[in-house]
Amino acid sequence: EGRPGVAATLRALNGALGRPAALWVKESGARNLRHRDFLAPRAALSAAFPGGQAPPEAVSAVPSLRGPAVLPLRVCRQTPAGLTVQVRRPEAFQRLLGPLPGPAPSAAGARTGCVVLHCPALRGPAALQPRHLRSVLLADHLAQLLRTQGVGVRLVPALTEERSWDVLRQLRICWPSGSGGSSLTDAVSALKAALGRCPCAAACEQGPGTAEGVIFKVHLKSFVEQQGLVGYDPNLDLLLVTEGTLWSLAELQEAVLQCPVSDLPALPASCFPSQSSCCSIIHVVNCEEEFQQQQLDVLWRILDPGAHTALQKHLVCGPVKVTNPSSPIGADQYFQLRKRQMYEASVIKYGELAQDEAWTEVIDTLTMAAIRFEMLSTAHRSQITLDLQNNSISTKGTKSGAFVMYNCARLATLFDNFQRAVERGTYPPLPPVSELNFSCLREEGEWLLLFNYLLPFPEVLQQAAQLPPPSSGIRITANTETVCKFLIQLSMDFSSYYNRVHVLGEPFPHLFDQMFARLQLLGAVRDMFHSALATLHLPPLSQI
């Protein structure tokens, strides 16, 4: 019957009542889930039906709803809160725990378009600051999310050997490197020639009063007004163009040419609907450098008035405020500071274990997680504050990347202990999923893990990769905080369940059915952790 989904079930429920409007909502709170899984609130029913009463024949038809992605439903009841429905839970466990959780095969299978992600923070000789690191981490995460939906991604600019990129390697940021080549040199020459023919550009001779390296002056404001471009800074006017400016444009042009889009739409409708066959260009930039990127955007439109330059959008990151800095801090220093703090916090919690050489990789992974969650768990438009005090990082807080990794490691330890017990003959091996009895799963936390996490997980990844449709403005927003928030809430609910329930019980045959059903559930939760962490380039921990 296929993998059930939230959206398909809600569509079926709304269709059963004969109303296109979204009357039904999915419950998520533990208290409400004791009595219902879906609710059509009384207020919504009152707006849709005379007297707030849905037709009895429609209500009685709800339990018979079927579909490849529709959950199996029980009786529909009228309550003071509205119409309520519960899922046939053992059957839902059976259908969801068969295949591994993750993106729908059609999304991850074929490439369906291309996006160029441009991160200007990686240009220039200056050392990376935390504000730059935020935009780089965001672009890196967004690239992974888009790839899970089958979208081809090109990352610009290529890293050069002129700067040290240690902090990117330490954070496992996967970014291409290269020194350009003859094709880029030719492209720069072609752009120079185009500037020479441009009516709003004037060549500059080197001499007194001319800034070093400036080869053209371009009047941007008249072009913006003439084209009726919306959303640009009103102060855009004169741009001093250098060889470096043209090199940046040449790299963007080359990335566009390498996008394998052919006759496909720019992106699947679930990500970034567009009527053009060109790839989309997204400039991921911090708010302090947004103005400079708008200048480059307009210059590219002037020199290359093609469909792809009209699809440029700007994803702007809010400011990064650093508290208690003894002096301005770079991204490398920030990483080393967080690593030292994570090491010290681990020593306090685990004692001598954390001082062992075997823990080096664990501390590195915890540091990566702490920084990625610190930078990405807040909506990208909002300011984030980095507290650099010694006690500002902990292995205990439930909102941190370290807490997520700790719970991922607990799952690894659980399955390692089970495997060892099987090898000792304490338990039999885990049977095939078709032989498991999921009616044994009656604990509140078990349904919470399935209904709030395993069920919507593919849709969570899809929503995280979703970008708004083209509009007249140049700014866009993305749900780049979604995965971090999902993992944090998942970790809290899993931790609460795991602290209450003893999964590996006494080796009595009459207890095996429940233990095996729980292991199948938690195995799916473990795989979901791994899939979500992969979008953050975080390796799962096997110990902690």
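Each chain carries its own residue numbering, running from 1 in the direction its sequence is written. Note on the predicted model: pLDDT of at least 70 is required for a residue's local features to be given, and 80 or more for side-chain atom pairs to be given and counted; whole-chain, interface and lining totals, by contrast, use all residues. No hydrogens and no water enter the side-chain calculation; it runs on all heavy atoms of the structure.

Asks: Help me understand the packing of helix α17 (residues 444–454) against helix α19 (residues 482–500), please; the structure alone is not making it clear to me.
Replies: Any two packed helices are characterised by how steeply their axes cross, that is the angle between the axes, and by the distance between the axes. Axis definition: a line fitted to C-alpha atoms, over the contacting stretch in the case of helices. Angles run 0 to 180 degrees between N-to-C directions. Each helix is a run of H or I in the DSSP string that is no shorter than four residues. Each strand is a run of E no shorter than two, and both are numbered from the N terminus. Packing of α17 against α19 leaves a shortest axis separation of 9 Å and a crossing angle of 165 degrees. With respect to their mutual orientation, α17 and α19 come out roughly antiparallel. The two elements α17 and α19 cross, and the hand of that crossing is left-handed. Here Gly445, Glu446, Leu448, Leu449, Asn452 and Tyr453 of α17 come into contact with α19, specifically with Phe486, Gln489, Leu490, Asp493, Phe494, Tyr497 and Arg500. When residues are sorted by character, Ala, Val, Leu, Ile, Met, Phe, Trp, Tyr, Cys and Pro go into the nonpolar class, Asp, Glu, Lys and Arg into the charged class, and all the rest, Gly among them, into the polar class. Along the lines of polarity and charge, the residues of the contact of α17 with α19 split into 7 nonpolar, 3 polar and 3 charged. Orientation is classified from the angle alone, with under 35 degrees giving roughly parallel, over 145 giving roughly antiparallel, 65 to 115 giving roughly perpendicular, and any other angle giving oblique. Each helix crossing is assigned a hand: it is left-handed if the near helix lies turned anticlockwise from the far helix by less than a right angle, otherwise right-handed if that turn is clockwise. Contacts were defined at the residue level, with two residues in contact if any of their heavy atoms lie within 4.5 Å.

Asks: What exactly am I supposed to notice about empty space enclosed by the protein here?
Replies: Empty space among the atoms becomes visible once a probe the size of a water molecule is rolled across them. Put plainly, a pocket is an open set of points on a 1 Å grid over the protein atoms alone with protein on both sides within 12 Å along at least five of seven lines, a cavity is a set where a 1.4 Å probe fits but cannot get out, and a lining residue has an atom within 4 Å of a point. Grid points are joined across faces, edges and corners, and a volume is the space filled by probe spheres set on the points. Overall, the coordinates contain 1 cavity of 30 Å³ or more when judged by the stated rule. Of the volumes computed, that of the largest cavity is approximately 30 Å³. Taken together, the elements giving at least two residues each to the lining of the largest cavity come down to β3 (73–79) and β4 (82–87). Of the residues forming the lining of the largest cavity, the biggest block, 3 residues, is contributed by β4. Of the residues that constitute the lining of the largest cavity, the class distribution is 2 nonpolar, 3 polar and 2 charged.

Asks: I keep staring at the state of the cysteines and nothing clicks. Help me out?
Replies: Disulfides are covalent bonds that link the sulfur atoms of two cysteine residues. Any pair of cysteine sulfurs within 2.5 Å is marked as a disulfide. Applying the stated rule across the entire model yields 1 disulfide. Between the sulfur of Cys114 and that of Cys259 lies a disulfide, 2.1 Å long from S to S. Taking the sign of the S-S torsion, -50 degrees for the link of Cys114 and Cys259, the bridge is left-handed. Linking Cys114 in strand β5 (residues 114–118) with Cys259 in the loop between α11 (243–257) and β10 (280–286), this pair joins segments that are 145 residues apart in sequence. Judged on exposure class, the residue Cys114 and its partner Cys259 are both buried. Free of any disulfide, Cys279 has its nearest neighbouring cysteine sulfur in Cys259, separated by 3.6 Å. We call a residue buried when its accessible area falls under 20% of the maximum for its residue type, exposed when it is over 50%, and partly exposed in between, using a 1.4 Å probe and counting protein chains only. Residue Cys279 is classed as buried on the basis of its relative accessible area of 2%.

Asks: Just to check I follow, could you spell out unusual backbone geometry for this structure?
Replies: Peptide bonds are mostly trans, and most non-glycine residues show a negative phi. A cis amide bond links Val156 with the next residue in sequence, Pro157, at an omega value of 5 degrees. Here the phi dihedral of His537 falls at roughly 55 degrees; this positive angle occurs in a residue that is not glycine. Structurally, His537 can be placed in the segment after α20 (509–534).

Asks: How do you make sense of the sheet that holds β10 when you look at a structure like this?
Replies: Strands qualify as paired when DSSP identifies two bridges or more between them. Read across the open sheet, the 5 strands follow the order β6-β5-β10-β11-β14; overall the sheet is parallel. Only two strands of the sheet have a single partner each, and these edge strands are β6 (152–156) and β14 (475–476). Where strand β11 (residues 312–317) and β14 come together, 2 bridges link them in parallel fashion. Counterpart to His314 in the pairing with β14 is Arg475.

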